[in-house]
2 protein chains.
Amino acid sequence: MNDSVDSQGPPATADGSSPFGNWIGQRTLITGGLGFIGSNLAIRLSQLGARVTIIDSLIPQYGGNLFNLNGHEDAVHINLSDIRDRYSLEALLKGKDVIFNLAGQTSHLDSMHDPETDLAINGTAQLSLLEICRRVNPEARIVFASTRQIYGKPQYLPVDEAHPIEPVDVNGINKLSAELYHRLYADVYGLSTRILRLTNTIGPRMRIRDARQTFVGIWLRQLLASEPIEVWGGEQLRDFNDVEDVVDALLMAASLDELASTPYNLGSHERLSLRELAELMIRLHGSGEIRLMSFPAERKKIDIGDYYSCYDRFQRDAGWQPSRSLEATLERTLAYYRQHQSHYL
Amino acid sequence: MNDSVDSQGPPATADGSSPFGNWIGQRTLITGGLGFIGSNLAIRLSQLGARVTIIDSLIPQYGGNLFNLNGHEDAVHINLSDIRDRYSLEALLKGKDVIFNLAGQTSHLDSMHDPETDLAINGTAQLSLLEICRRVNPEARIVFASTRQIYGKPQYLPVDEAHPIEPVDVNGINKLSAELYHRLYADVYGLSTRILRLTNTIGPRMRIRDARQTFVGIWLRQLLASEPIEVWGGEQLRDFNDVEDVVDALLMAASLDELASTPYNLGSHERLSLRELAELMIRLHGSGEIRLMSFPAERKKIDIGDYYSCYDRFQRDAGWQPSRSLEATLERTLAYYRQHQSHYL
């Protein structure tokens, strides 16, 4: 199967070059590769000629979904395991040219309800991964997917990389640690690590069962089920990246020889309020309604208000910029879930 | 035994008040209480009339030493256990008024050689402690001992709390996480946490077997053994606090009702180079010599150059300032180890 509703970016040319590097024959590993971003990356990499191995734990609360690689199973090697299992991790890290380190617990609320699991996966397993790479594969390039969540509540907008780091939940603290481990292993041991701080990412293959990955996921489910979209607050501004733009960024971060080991923001110049986003989704879908909700106390404590990123630094150093419009992204995503939503409920 | 060479600060007055709060009958817990700072704190608290319980793992590479409470065993309850053991920890946290959270792995080099153990003790166990407090003792006051190490290489001097956080070793990253957990549990759950960032602390009961706690420890051992003091580099500036001044600070941080949950620096206006410190120690001891050493590559990577703190904020908010001169501190410390060094080798 090759999804007609997918937009996989430019194909490789005959000599294997692309705006995102030459991937022919590259041995790549994607942790969390059955998840939203990981699976889109896996498909693109296989189309660019890379050899792709995936690790995924399929923990039900996370983003991993075997259907995400439906039709692509022959193009990738799927290894079901948990990155907390260090012996399988070591065997899989060995001999890889590029490691896309995307595995993680992403839910902010879950990180508060079960902080120790969040730490085990987002902190301890990340440190193990780097320790193993240092020992058995110090030449590998490692791209780590971090999150805007580490900044906490913005003190100014747009948020650039110099913004103070004040995470407002356990997830943000542990993702920060993982970032710092990646930087430290570059500085002290010379590992080739790169860090991207992702903002809200949307597109086909995202989790829509609940709001654990992004609130847009559950909005899609509500919209397709002809239920009101539950909008918490409504006036908070956000920026959104198409998952294919994020895949572009991951490929560029991996393929450029000269790139800092300090973190780079992704982001978008398309910013809108939650209410505007919901209205846009309803317009594109052709029907739907909004139910405005006020924050429960527990959630308000970790809400951050308006947020959008400045991504000038990554644009300057890597030449990246988002190229898909939010409207086109939502159209494509809605089309994907109209066709496949039963696999995501 | 009451050490004549100790200086325990002002005694409590008849009504129990002191410049450091009224501690009579207060139920206190000190994690790492057999260590250098913990044991000095335990002795002071018992003299002020507090009920003192100690947790210590006696891991040989850390600072715990049963001799540190020699002569004071009847005044405190010593519970030998590891803060990674969450069931014993929960039982010991219950019902305490004040928790001095000092347990930790302190060696920067050990944190690089065995980063996962550093994370288990300095990160995971700290998160467990806070989770347990939230559940079974949310009213307790919690004072956490952090470290200047989280700042990394100073970008300006003196280093104040607004200085960028760029830890240069695994220990610094994990101590930062622990700080952030303490702040988060204050902000989200209303726990009463306070954080002090300690600089170099010296005094009786410090580890002198090696440089795991501070380089001054091994210098003392070398001086008393009539061996040359090995000075790495030599021109780096440092500030030093007497352990009794640090105990003052811990008591103040615990007893003031109004104090921010954001971290406070300790520090000193007495700053000198490593070479000057070694020369001062030799003069006070009456003999000795210096052997200047150049950094091995591994160590140079995590050396931070000059460092000294600005402690204006804690002085303003808590009224604390160091009151013991470095010379008096070194005199007292040398006298202690001349008498007791066999228990520390």
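What you see is a predicted model; the values in this text were computed from it and never measured.

Calculation criteria
- Residues numbered from 1 in each chain as written.
- Chains lettered and ligands numbered in written order.
- Predicted model: local features only at pLDDT ≥ 70, side-chain atom pairs only at ≥ 80, totals over all residues.
- Helix = DSSP H or I, 4+ residues; strand = E, 2+ residues; numbered from the N terminus.
- Rg over C-alpha atoms; globule rule 2.2 N^0.38 Å.
- Buried ≥ 20, exposed ≤ 12 C-beta atoms within 10 Å, placed from the backbone.
- Contact = placed C-beta atoms within 7 Å.
- Nonpolar A, V, L, I, M, F, W, Y, C, P; charged D, E, K, R; others polar.
- Least-squares fit on C-alpha atoms with pLDDT ≥ 70 in both.
- Pairing = 2+ DSSP bridges.
- Axes fitted to C-alpha atoms, helices over the stretch in contact; angles between N-to-C directions.
- Parallel < 35°, antiparallel > 145°, perpendicular 65-115°, else oblique.
- Left-handed = near helix turned anticlockwise from the far one by under 90°.
- pLDDT = per-residue confidence, 0-100.
- Right-handed = clockwise from strand over helix to strand, strands pointing away.
- Expected span 1.5 Å × (residues − 1).

Turning our attention to the overall build of chain A. The helix and strand tally for chain A stands at eleven helices and twelve strands. Against the compact-globule benchmark of 20 Å for 345 residues, chain A has a radius of gyration of 19 Å, which places it among compact chains. When its C-alpha atoms are laid out on the principal axes, chain A stretches across 55 × 45 × 35 Å. Going through the 345 residues of chain A one by one, you find that 52% of them count as buried. The contacts in chain A between residues at least 6 apart in sequence include a share of 79% that link residues at least 24 apart.

Now for the interface of chain B and chain A. With 19 residues of chain B at the contact, the number on the chain A side is 19 residues. Broken down by element, the residue count for the side of chain B that touches chain A peaks at eight residues, all from helix α4 (residues 115–136) of chain B. Here the side of chain B that touches chain A is built from residues that sort into twelve nonpolar, four polar and three charged.

Below, the discussion takes up the relation of the copies chain B and chain A. The transformation that overlays chain B on chain A combines an axial shift of 0.0 Å with a rotation of 180 degrees, and the residual RMSD is 0.0 Å. What the rotation and shift describe, once combined, is the action of a two-fold rotation axis. Among all residues of chain B, the one whose C-alpha sits closest to the rotation axis is S177 of chain B, at a distance of 3.4 Å. Interface overlap between copies is the fraction of interface residues in one copy that are interface residues in the other; for chain B against chain A it reaches 100%, indicating a shared surface.

So, about the environment of Y151 of chain A. Residues and elements named next belong to chain A. Mapped onto the elements, Y151 comes out in the loop between β5 (141–147) and α5 (170–189). Y151 gets classed as buried once you count the C-beta atoms within 10 Å, which come to 24. For the pair Y151 and L176, spaced 25 residues apart in sequence, the C-alpha separation works out to 9.2 Å. Apart from the residues lying within four places of it in its own chain, the contact partners of Y151 are V159, H163 and I165.

A word on the sheet that holds strand β11 (residues 271–273) of chain A. All names here are of chain A. One open sheet holds the three strands; their spatial order is β7-β9-β11, and the pairing between them is mixed. Each edge of the open sheet is held by one strand with a lone partner, namely β7 (200–202) and β11. Pairs of neighbouring strands in the sheet enclose a mean axial angle of 45 degrees, with direction left out of account. The sheet contact formed by strand β9 (residues 237–242) and β11 spans three bridges and is antiparallel. Pairing of L237 across the sheet is with S273, part of β11. Against the sheet, helix α8 (residues 274–285) makes contact with β9 and β11, and its axis sits at roughly 95 degrees relative to β11, the strand it touches most.

Another aspect to go through is the packing of helix α8 (residues 274–285) of chain B against helix α11 (residues 326–340) of chain B. Residue and element names in this part refer to chain B. Relative to each other, α8 and α11 sit at 55 degrees, their axes nearing to 10 Å. Considered as vectors, α8 and α11 are oriented oblique to each other. The way α8 lies across α11 gives a crossing that is right-handed. Packed against α8, whose contacting residues are L280, M281, L284 and H285, the element α11 presents E327, L330, E331 and L334 at the interface. Of the residues that constitute the contact of α8 with α11, the class distribution is five nonpolar, one polar and two charged.

As a general rule, the predicted coordinates of low-pLDDT regions are not to be interpreted in detail. All names here are of chain A. Averaged over every residue, the pLDDT of chain A is 92; residues scoring 70 or more account for 93%. Low pLDDT, under 50, characterises residues 1–9; the stretch is placed with 19 contacts to residues that sit more than four places away or in other chains. What the predictor reports for the complex is a pTM of 0.90 with an ipTM of 0.86.

Read across the open sheet, the seven strands follow the order β3-β2-β1-β4-β5-β6-β10 (chain B); overall the sheet is parallel. The two strands at the open ends of the sheet, each matched to only one other strand, are β3 (76–80) and β10 (264–265) of chain B.

Turning next to the pairing of strand β6 (residues 192–198) of chain A. Residue and element names in this part refer to chain A. For β6, the tally of buried residues reaches six of seven residues, placing the bulk of the element in the interior. In terms of strand pairing, β5 meets β6 through seven bridges, oriented parallel. The partner of S146 across the bridge, within β6, is R197. Once the chain exits β5 it traverses α5 before rejoining the sheet at β6, and the crossover so formed is right-handed. Both β6 and strand β10 (residues 264–265) contribute to a ladder of two bridges, which runs parallel. By the bridge assignment, R197 is partnered in β10 with N265.

Within an α-helix, residues lying three or four positions from one another point in the same direction, as the helix has 3.6 residues per turn. Residues and elements named next belong to chain A. The end-to-end C-alpha distance of helix α7 (residues 243–255) is 18 Å, a good match for the 18 Å that 13 residues give at a rise of 1.5 Å each. Of all 13 residues making up α7, twelve are buried, and the element is well covered by its neighbours. Among all positions in α7, only V243, E244, D245, V246, V247, D248, A249, L250, L251, M252, A253 and A254 are buried.

Attention now moves to the pairing of strand β1 (residues 27–31) of chain A. Residues and elements named next belong to chain A. In terms of burial, β1 is largely enclosed, as four of its five residues are buried. Relative to strand β2 (residues 51–56), β1 runs parallel, the two sharing five bridges. Bridging from a neighbouring strand, R27 pairs with R51 of β2. The sheet contact formed by β1 and strand β4 (residues 98–101) spans four bridges and is parallel. For T28, the partnering residue across the bridge sits in β4 and is V98.

Axis separation between helix α4 (residues 115–136) of chain A and α4 of chain B bottoms out at 11 Å; the angle between their running directions is 170 degrees. Taken together, the axes of α4 of chain A and α4 of chain B lie roughly antiparallel to each other. Contacts from P115, E116, L119, G123, T124, L127, S128 and E131 of chain A in α4 of chain A reach P115, E116, L119, G123, T124, L127, S128 and E131 of chain B in α4 of chain B. For the contact of α4 of chain A with α4 of chain B, the per-class residue count stands at six nonpolar, six polar and four charged.

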